[in-house]
Structures are given as C-alpha cells and as structure tokens.
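# Overview (structure and organization)
Residues per chain, in single letters:
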Amino acid sequence: VMKLNPQQAPLYGDSVITVQLTEEDKVEDDVVFYLVFAGSTVQHCTSTRKINPGSLETISPGHDCCETVKVALCASREGHPVLVVAEESFQFVQDEAYDAAQFLATCAGNQQALNFTRFLDRSRPPAADVDFLDEKVALAFRHLKLPAEWNVLGADQSLTENIPRETLMHFAVRLGLLRLTWFLLQQPGGRGALSIHNNEGATPVSLALERGYQKLHQLLTEEGAREPDSWSTLSHTVHSGDYSVKHHRGLGVYLLTAE
C-alpha cells in the first residue's frame, strides 16, 4: 500500500501530492513512477519526482467533477512491462476557493452581491492569507467553465460606462488580489472595468493608488505589465482534441489528461 498525502485535492488541481512508498517499492534509480487517476469521464496520468528513496512528489490534476477516484501507482523500467505496484483512492472536492470563484463569477453584474463583498474589507486579512486566497481563487477561476458570453461587468451590456457602480475589478483591487486582477484583465469587460467609478467615485485604478498597492497599480496602468508569479505561470498546458498535456516547471512534472 502506498500513502498519498493529502488524500484529496480541490477540483482545480495544482496542489502538491506526496507519495510514500512501502519498503518493497523502494527501488533502484532506473525505475520511473507514474500515477494514474481514473475518473468516471476523464483520466489523468502524472509523472513524479523522487524526493528521497521512500517518497515521490507530483502535482494533482484538475478534475471535471467532485468524486472519489482510484489512483494506481505504476512503475516502469526499460525492457520490462509497466507494473501497477499499488492502488489507493483519492477524492476531488469543491473547496472554499472554488465556491468563492463560482460566487464571484455569478455575481459579476449583481450590485447587491458586490456591495456585500465590500464588508470583507473591514476585516483585512493578513498579507500571507491574502496571497493564499489570491492564488487559490485565481486557480479556481481559471478552472471554471465560464459561459461564452461571460463578462467582468455582468450580462447587462446596455449599462454605459458612466453609471457609477461596483465591479468585480473593484473587489479584486480592494483586497489586493494581484493574480485575480490579472485574470480579470484578460477577460471580456476587464479593461473596460478600469474606468468605471463606484458610488464613492473610485475607479479600480484610483483604489490601487489610494491603498498603496504599487504592484497592482503597475499591473493596471503599464503597457507591458507581466503576469504575476503563481502556480499557473509555472505550468504550461497544451490542448489537442480530447487530450491535454501540462508541464509544471516548478517540479518538472508532466500531467496528461484524456477524456
């Protein structure tokens, strides 16, 4: 039996999983280990890297639904057939970051909901928590299947830019969420949101300035601003038909997903 730690991961993936090998699986250096996750509609295969003789490390794949899947640890060695050396179950779950991303995506044009999010501001979380929140919610947002007509400003495109209102961009900037702000900037309506004033007359750009968020202000105003560092910038995905291959440069791990 191998031990997976943790034994569950959020739907959007990209968290580190450690695999503890049993005594008899601690083998020579020429053995390559893979994990195969068998979901009901998609399968994933991930490469691993050795941390020490008894443990491996990999990245959890992004999955299409909440469910418990079988994970097989496969060992491959040149000139030998691929062996399944251990099996374990693993759970894909919808966590708070996923819930938050879903909530934010659905309330893009909803003034009541957006005004409600402002009360988060009064209980300013510590910087480390903001960073964690930013990372997770941005990853989750990337994983959501947003409808084709989705827009940062909501569905009602008849609203002109000079009607004062809260936007998702105000929300992201007010909390100092760099990665979420970057993600929203790339979406339809993202750039348009930058010039919208809320009821106090603040735009996302003026909020960033007023809060002293220099990096964020640069992100919003500089021509060649680059994407903030995150797990998603460390990984590169290539889609081809029913397959996608992701390379996580941070750990040097590959993930293959097949429908």
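On a predicted model such as this, the values are computed, not experimentally measured, just so you know.

A count of helices and strands for the protein gives 8 helices and 12 strands. In terms of overall dimensions, the protein has C-alpha extents of about 70 × 35 × 35 Å along its principal axes. Buried residues in the protein amount to 47% of all 259 residues. The contacts of the protein with a sequence gap of at least 6 include a subset with a gap of at least 24, amounting to 63%. Accessible area for the protein stands at about 13700 Å²; split by element, carbon and sulfur atoms hold 52% of it.

All right, on to the domain arrangement of the protein then. Each assigned domain of the protein is listed here: domain 1 (3–94 + 233–258) and domain 2 (96–226). Just the C-alpha atoms count here: the centres of domain 1 and domain 2 sit 33 Å apart. Across the boundary between the two partners, domain 1 contributes 7 residues, which contact 8 residues of domain 2. Approximately 710 Å² of surface area, both sides summed, lies buried where domain 1 meets domain 2, with 61% of it carried by carbon and sulfur atoms.

For the rest of this paragraph, the subject is the side chain of histidine 63. Counting through the fold element by element, histidine 63 comes out in the loop between β7 (55–59) and β8 (67–76). In this structure, histidine 63 is in contact with Leu11, Gly39, Val42, His44, Val69, Phe92 and His143, ignoring residues within four places of it in sequence.

Bringing helix α1 (residues 96–106) into the picture now. Within α1 the residues assigned to the buried category are Ala97, Tyr98, Ala101, Leu104 and Ala105. Viewed end-on, α1 has its buried residues packed into an arc of 130°, placing them on one side of the element. Opposite the buried face of α1, at more than 90 degrees from it, the exposed residues are Glu96 and Thr106. As for α1, its buried residues are in contact with α2 (111–117), α3 (127–143), α4 (168–174) and α5 (178–186).

This part takes up the nonpolar core. Generally speaking, soluble globular proteins have nonpolar side chains that are buried together. Counting 61 residues, the largest nonpolar core has Phe90, Phe141, Leu180 and Leu184 as its most contacted members. Of all the elements, α5 adds the most residues to this core, at 6 residues. Residues from two domains meet in this core; each of domain 1 (3–94 + 233–258) and domain 2 (96–226) gives at least three. When near neighbours in sequence (up to four residues on either side) are disregarded, leucine 180 contacts Leu104, Asp134, Val137, Ala138, Phe141, Phe171 and Ala172.

For the rest of this paragraph, the subject is the packing of aromatic side chains. Applying the stated criterion to the full structure yields 5 aromatic pairs. Aromatic side chains phenylalanine 37 and phenylalanine 92 sit 6.2 Å apart centroid to centroid with 50° between the ring planes, which places their arrangement in the tilted category. A residue pair is termed long-range when its members are at least 10 positions apart, and phenylalanine 37 in strand β4 (residues 32–38) and phenylalanine 92 in strand β9 (residues 83–93) qualify at 55 residues. For the pair formed by phenylalanine 37 and phenylalanine 92, the shared burial category is buried. Taken together, the ring pairs in this structure connect Phe37, Phe90 and Phe92 into an aromatic cluster.

About the cut-offs
Residues numbered from 1 in each chain as written. Predicted model: local features only at pLDDT ≥ 70, side-chain atom pairs only at ≥ 80, totals over all residues. Heavy atoms only, no water. Helix = DSSP H or I, 4+ residues; strand = E, 2+ residues; numbered from the N terminus. Buried < 20%, exposed > 50% of the residue type's maximum accessible area, 1.4 Å probe, protein only. Contact = heavy atoms within 4.5 Å. Areas by Shrake-Rupley, 256 points an atom, 1.4 Å probe, with all protein chains shown as cover. Domains from an automatic or database assignment. Buried area = accessible area lost by both parts, 1.4 Å probe. Arc of directions from axis to C-beta. Core = buried A, V, L, I, M, F, W, Y, C linked by side-chain atoms within 4.5 Å. Phe/Tyr/Trp six-rings, centres within 6.5 Å; stacked < 30°, edge-to-face > 60°.

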